[in-house]
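Each chain, written out:
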Amino acid sequence: MMKRHMLFFDIDGTLLDDEKGVVPESAVRALHEARERGHLLFLCTGRCQAIWPKEVLEIGFDGVVGGCGTHIVYHGKEIHHVTLDKTLQREIADDLFRCHIDGILEGSTCSYFRKDVWMPVVQHIFEGNGVFSSNCQKYWEDELSFDKMALWFDDSSDMNAFKQKYEDRFDFILRDPTFYEVVPKGCSKGNGIAFLCDYLGIDRQNTVGIGDSTNDLPMLEYTGISIAMGSGNPDIFDSVDFVTAPVMEDGIEIALRKYNFIGS
């Protein structure tokens, strides 16, 4: 019988199709079967808890590595949470205003936006986040409680100055030419998985990571088996063991079947 493995799934672009915003039935079916076979299932996402999608959680997972490793929940219990000093949080927000950078300050209970959102992608996220709850969105001027950042910028922004000031305390993950995901030093999807391996006493070789983007690389580099979605960023394809089909072409089911986590 196959040893119990921990399987880690990114959300956006891996379980949830970016265009249709749904988890394909084939993926749900495969996840249920893998769990019935005794494997542990985890979400491993850049999203902080305030915006973990209910429809994804309800599929059935043993836990979540959230906020790029800043927040870990196992069977409903918080077992790890990296928080930022309140004074530092206010200093960061003031510097973002000064450097004319747009984006989201992401926390476990709330996402914080500029009142004068000016990047279209951030405006789109602001409008979409309203589906989570009526009070999960606040503004940078409010009292802050965030763990990480998603920052967008253009030619009017002084991102270099902001990055130079904070790069000794944060890792800046370039997701596209105008978008950084920013997390505290020492926090990553990979380190979150390592924490769980120690917590549960499961060997690193018995872990599987499935993702689609550059912020998944620490997960994919750590896990015993690494899988990229065929619809994901091609920049990560050379770093994984297997590139599966796109999300809506049964990519999750194909990957789990290939490695015998589900039957044929």
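The coordinates are above.
Attention in this report is confined to the structure presented alongside it.

Calculation rules
- Residues numbered from 1 in each chain as written.
- Predicted model: local features only at pLDDT ≥ 70, side-chain atom pairs only at ≥ 80, totals over all residues.
- Heavy atoms only, no water.
- Helix = DSSP H or I, 4+ residues; strand = E, 2+ residues; numbered from the N terminus.
- Rg over C-alpha atoms; globule rule 2.2 N^0.38 Å.
- Buried < 20%, exposed > 50% of the residue type's maximum accessible area, 1.4 Å probe, protein only.
- Contact = heavy atoms within 4.5 Å.
- Lys, Arg positive; Asp, Glu negative; His and termini not counted.
- Charge placed at Lys NZ, Arg CZ, Asp CG, Glu CD.
- Polar contact = N/O pair within 3.5 Å; in protein donor to acceptor, adjacent residues only side chain to side chain.
- Expected span 1.5 Å × (residues − 1).
- Arc of directions from axis to C-beta.

Right, let's get into the overall build of the protein chain. Helices and strands together make up the secondary structure of the protein chain, namely 8 helices and 14 strands. Taking 264 residues into account, the globule formula puts the C-alpha radius of gyration at 18 Å, and the protein chain, at 18 Å, falls close to it. Buried residues in the protein chain amount to 56% of all 264 residues. For the protein chain, long-range pairs separated by at least 24 residues make up 60% of all intrachain contacts whose partners lie at least 6 apart in sequence. Distance between charge centres in the protein chain, computed from 25 positive and 43 negative side chains, equals 5 Å.

This paragraph deals with the side chain of R47. Along the chain, R47 falls in the loop between strand 2 (40-44) and helix 2 (54-57). Looking at R47, its side chain comes within polar contact range of the main-chain oxygen of I51, at 2.7 Å.

What follows covers helix 3 (residues 86-98). For helix 3, spanning 13 residues, the distance from its first C-alpha to its last is 19 Å, which sits close to the expected 18 Å at 1.5 Å a residue. Among the residues of helix 3, L88, Q89, I92, A93, D95 and L96 are the ones counted as buried. Buried residues in helix 3, looked at end-on, bunch into an arc of 165°, giving them a common side. For helix 3, the exposed residues lying more than 90 degrees away from the buried face are T87 and R98. Its side-chain oxygen at 2.9 Å from the backbone nitrogen of T87, D85 defines the N-terminal cap of helix 3. Of the residues one or two after helix 3, H100 is the one with positive phi, at around 50°.

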